[in-house]
Amino acid sequence: MAIKQITVFLENRAGRLLEITQLLAYNKIDLRALNIAETTDYGLLRIIVDDSEKALAVLKESGAIATTTDVLAVAVPNIPGGLNTLLQVLANANVDVSYMYSIFGHADENAYMILQLADADEVAGILKNKGIVVADAQKLGIN
Amino acid sequence: MEKYYQQEMECASREEMVALQNERLVAQVKHVWDNVPYYRKKMEDKGLTPDDIKGIEDLHKLPFLTKDDLRDAYPYGLLAKPLADCVRIQSTSGTTGKRVVAFYTQHDVDLWEDCCARALVAAGGTNEDVCQVSYGYGLFTGGPGMNGGSHKVGCLTLPMSSGNTDRQLQFMTDLGATIICCTPSYAEYLAESIHERGLRDQIKLKAGIFGAEAWSEEMRHDIEEKLGIKAFDIYGLTETSGPGVAFECSEQTGMHINEDHFIAEIIDPETLEVLPEGSQGELVFTSITKEAFPLLRYRTKDITVLSREKCSCGRTLVKMHKPMGRSDDMLIVKGVNVFPSQIEAVLLENGYPANYQIIVDRVNHSDTIEVLVEMTPEIFSDSLGSITEKEKNLVAALKAMLGIYAKVRLVEPKSIARSEGKAVRVIDKRKI
Ligand SMILES: [Zn+2]
């Protein structure tokens, strides 16, 4: 159920993110989600794209440092308390979420969150048992 | 049982050694005054005559010689013997400008080879050994020096010169070499080749003597483990003779300087004052036995520390620490001497690449030092915590080495400026 996220090392300087988005645009790679974790000197750009293999290849070819990580795309109903329900399930199951961010647009009536966890597949099973939708790559239009 | 090549010199009492140095220095100063107008003028400029130098306590009065002097005086300006008495030249690579050419009489060659023989015996060499000399032969002093020393000890000498790894390994295994002399980087290369080809069982090496390059303790352990040998350091420079100016003994805690031939001093490279024993500073050598090319107070630019602590090997010769850097590269940050080579060593030990840049600045009247390090795929991960943890460890290791806080900044690969393929290592904004 896990999908591939690409993490890119970004030096904190003007225009660096633009260089990455230009590179992706030039290679016709579509962004589905984006998040930046930063320190004073550098940041980690985390992206979900439609073709992660191709994106990783062009990034590496450009000289960037990039790696892939397994993450889950989890449905959050578009109602008050939607995210709260999800976090309650995870807390009850003692699951530690390293970080999370939301995905652009909607594949259906739900919003989707990207979750990074120690064991994505195990957590996917827990969530499904509780009736929470975990989107697969196909649903999100990811190769 | 420790063996010596020339025990009476290597284990002489301090009184005997000082008496010998006094006598040899006085004679050497007179020899230079009489035969080297270039240096005589330097002495005259300071109002000195040979009568002012009565022993080693007067050494500090003499003018220094530097590599610039050697270039100015090229090729014959510092020659102290008629060419008819000279039998050999050796030369530096000349990568940083004009070549340095050093001349040798037969007597000079003889004493130089004695120094190399001392190093071989200290490494356990005897006439039963097969000594593979894989330093370059030719103008470079490494091959000829160790070759001569090996003959003196009576080892079967394999004059391999450098390169051609297939042939090196064939002779090493077929003829059962027990001692190898080469650069530490070539030793590592040979060790890897031996490992890859599964030849470890077929080699009989027990010791290696490695010099002519900077190398770390980590490299020593690595080579010792891979080859199953004891790895000894050796120091020398073409200007004073070649390898064998100083050599390591079984204790492996520094190199004994052959004080009967070379008087060592440590000076402050800024003030040029002689520093007390145990101080870190620039190493200066005075050759007291060389006939053809006798350099007085030659500044090596190598930064080190001398120690007269009693050595377990029984030698009384003063020991020098492996050079920590070059005085040309020395930075003074917050009053502390910092060498790029120290920073490089810490980076390599912590798994970072040697692509780095040091930026020194002054902010609010206080010096700052920042080390830019290029990120690598090995260090990188999706976890910010893991990267910052590694960064913290690096900062701590730098603090331990330098004694001051240095900020670390991780930058993207290939982002550190390189000029002509060489990185610009230091940017000192304080001078701009
Ligand atoms: Zn010793």
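Residues numbered from 1 in each chain as written. Chains lettered and ligands numbered in written order. Predicted model: local features only at pLDDT ≥ 70, side-chain atom pairs only at ≥ 80, totals over all residues. Heavy atoms only, no water.

Caption draft 1: Just the overall build of chain A, in detail. Scanning chain A for helices and strands turns up four helices and seven strands. For 143 residues, the compact-globule estimate of 2.2 N^0.38 gives 15 Å, and chain A sits close to it at 16 Å. Judged by the C-alpha coordinates and their principal axes, chain A covers about 45 × 30 × 25 Å. Looking at chain A as a whole, 46% of its 143 residues are labelled buried. Considering only residue pairs separated by 6 or more positions, chain A has 70% of its internal contacts joining residues 24 or more positions apart. On chain A, roughly 7200 Å² of surface is accessible, and the fraction owed to carbon and sulfur atoms is 50%. Of note, chain A has its 11 positive side-chain charges centred 3 Å away from the centre of its 17 negative side-chain charges. (Helix = DSSP H or I, 4+ residues; strand = E, 2+ residues; numbered from the N terminus. Rg over C-alpha atoms; globule rule 2.2 N^0.38 Å. Buried < 20%, exposed > 50% of the residue type's maximum accessible area, 1.4 Å probe, protein only. Contact = heavy atoms within 4.5 Å. Areas by Shrake-Rupley, 256 points an atom, 1.4 Å probe, with all protein chains shown as cover. Lys, Arg positive; Asp, Glu negative; His and termini not counted. Charge placed at Lys NZ, Arg CZ, Asp CG, Glu CD.)

Caption draft 2: Spatial organisation of the environment of Asp52(B). All names here are of chain B. On the secondary structure map, Asp 52 appears in the loop between helix H3 (37-45) and helix H4 (67-72). In this structure the C-alpha to C-alpha distance between Asp 52 and Ala 80, which are 28 residues apart in sequence, comes to 20 Å. With residues near it in sequence (within four places) discarded, Asp 52 still touches Gly 47, Asp 58 and Lys 61. At 2.9 Å, the side chain of Asp 52 and the backbone nitrogen of Thr 49 are in polar contact. (Polar contact = N/O pair within 3.5 Å; in protein donor to acceptor, adjacent residues only side chain to side chain.)

Caption draft 3: Here's a closer look at the interface of chain A and chain B. Tallying the contact residues gives 21 residues for chain A and 19 residues for chain B. Three residues stand out in chain A for area buried against chain B, namely Phe9(A), Tyr42(A) and Ile65(A), and they jointly supply 41% of the buried area on that side. Applying the counting rule to chain A against chain B returns three salt bridges. The shortest N-O distance in the salt bridge between Asp382(B) and Arg46(A) comes to 2.8 Å. Linking chain A with chain B are eight residue pairs in polar contact (both at pLDDT 80 or more). (Buried area = accessible area lost by both parts, 1.4 Å probe. Salt bridge = Lys/Arg side-chain N within 4 Å of Asp/Glu carboxyl O.)

Caption draft 4: The coordination of the zinc ion, seen in detail. Residues and elements named next belong to chain B. Within the protein, the atoms that donate to the zinc ion are Cys 249 (SG), His 256 (NE2), Cys 311 (SG) and Cys 313 (SG), at distances of 2.0 to 2.2 Å. Coordination at the zinc ion comes from four donor atoms whose angles at the metal span 103 to 113 degrees, giving a geometry best classed as tetrahedral. In terms of primary sequence, the donors binding the zinc ion are separated according to C-x6-H-x54-C-x1-C. Taken together, the positions of His 256 in strand S9 (residues 255-257) and Cys 313 in the loop between strand S12 (298-307) and strand S13 (319-320) put the pair 57 residues apart, joining distant regions of the chain. (Donors = N, O, S within 2.8 Å, 3.2 Å for Na, K, Ca; no water. Tetrahedral: all angles 85-135°; square planar, octahedral: opposite > 155°, others 65-115°.)

Caption draft 5: Spotlight on the sheet that holds strand S18 (residues 366-374) of chain B. Residues and elements named next belong to chain B. Taken in spatial order, the four strands make up an open sheet running S19-S18-S17-S22, and their pairing is mixed. Of all the strands in the sheet, just strand S19 (407-411) and strand S22 (426-428) have a single pairing partner and so form its edges. With strand direction ignored, the average angle separating the axes of adjacent strands in the sheet is 20 degrees. Pairing of strand S17 (residues 356-363) with S18, which is carried by eight bridges, proceeds in the antiparallel orientation. The residue bridging Asp 361 from the neighbouring strand is Thr 368, located in S18. Taken strand by strand, helix H10 (residues 340-349) contacts S17, S18 and S22, and its axis lies near 125 degrees from that of S17. (Pairing = 2+ DSSP bridges. Axes fitted to C-alpha atoms, helices over the stretch in contact; angles between N-to-C directions.)

Caption draft 6: Looking closely at the packing of aromatic side chains. Applying the stated criterion across every chain, the model contains 11 aromatic pairs over all chains. A centroid spacing of 5.2 Å and a plane angle of 40 degrees characterise the contact between Phe9(A) and Tyr42(A), whose relative ring orientation is tilted. Of the two residues, Phe9(A) sits in strand S1 (residues 3-11) while Tyr42(A) sits in strand S3 (residues 42-49), which places them 33 residues apart along the sequence. There is no split in this pair, since Phe9(A) and Tyr42(A) are both buried. Aromatic side chains Phe262(B) and Phe285(B) sit 6.1 Å apart centroid to centroid with 70 degrees between the ring planes, which places their arrangement in the edge-to-face category. Pair noted here: Phe262(B) is in strand S10 (residues 262-267) and Phe285(B) is in strand S11 (residues 280-287), with a separation of 23 residues, a long-range link. The class for Phe285(B) is buried, based on a relative accessible area of 0%. Within the aromatic cluster, the residues linked to one another by ring pairs are Phe9(A), Tyr42(A) and Phe380(B). Here Lys290(B) stacks its cationic end above the ring of Tyr104(B), 4.3 Å away from the centre of that ring. If you follow Arg425(B) out to its NZ or CZ, it ends over the ring of Tyr356(B), 4.4 Å from the centre. (Phe/Tyr/Trp six-rings, centres within 6.5 Å; stacked < 30°, edge-to-face > 60°. Lys NZ or Arg CZ within 6 Å of the ring centre and 35° of its normal.)

Caption draft 7: Seen up close, the nonpolar core. Leu62(B), Met146(B), Tyr235(B) and Phe285(B) are the most contacted members of the largest nonpolar core, which has 72 residues in total. If we ignore the near neighbours within four places in the chain, the residues touching Tyr235(B) are Gly242(B), Pro243(B), Gly244(B), Val245(B), Ala246(B), Met255(B), Leu283(B), Phe285(B), Thr300(B), Asp302(B), Met320(B) and Pro323(B). (Core = buried A, V, L, I, M, F, W, Y, C linked by side-chain atoms within 4.5 Å.)

Caption draft 8: Broad picture of the domain arrangement of chain B. All names here are of chain B. According to the domain assignment, chain B consists of domain 1 (1-327) and domain 2 (331-428). Contacts between the two partners involve seven residues from domain 1, matched on the other side by six residues from domain 2. Roughly 450 Å² of surface becomes buried between domain 1 and domain 2 when both sides are summed, with 56% attributable to carbon and sulfur atoms. Here domain 1 and domain 2 share zero salt bridges between them. Applying the counting criterion to the domain 1 and domain 2 interface returns one residue pair in polar contact (both at pLDDT 80 or more). Of the residues that constitute the side of domain 1 that touches domain 2, the class distribution is two nonpolar, two polar and three charged. (Domains from an automatic or database assignment. Nonpolar A, V, L, I, M, F, W, Y, C, P; charged D, E, K, R; others polar.)

Caption draft 9: Examining the side chain of Thr105(B) more closely. Assignment of secondary structure puts Thr105(B) in strand S2 (residues 101-105). Classification of Thr105(B) as buried rests on a relative accessible area of 3%.

Caption draft 10: Spatial organisation of the domain arrangement of chain A. All names here are of chain A. Domain annotation for chain A reports domain 1 (3-69) and domain 2 (70-140). If you average the C-alpha positions of domain 1 and of domain 2, the two centres end up 23 Å apart. Contacts between the two partners involve 12 residues from domain 1 and, on the opposite side, 13 residues from domain 2. The junction of domain 1 with domain 2 conceals about 1100 Å² of combined surface from both sides, 57% of it contributed by carbon and sulfur atoms. On the domain 1 side of the interface with domain 2, the three residues burying the most area are Ile 3, Arg 32 and Thr 69, jointly 49% of the side's total. Applying the counting criterion to the domain 1 and domain 2 interface returns one salt bridge. Residues Lys 4 and Asp 70 are paired through a salt bridge, measuring 2.8 Å at the closest nitrogen-oxygen approach. Inspection of the region where domain 1 meets domain 2 yields seven residue pairs in polar contact (both at pLDDT 80 or more). The element contributing the most residues to the side of domain 1 that touches domain 2 is strand S2 (residues 31-38), with five residues. Considering only residue class, the side of domain 1 that touches domain 2 consists of six nonpolar, three polar and three charged.

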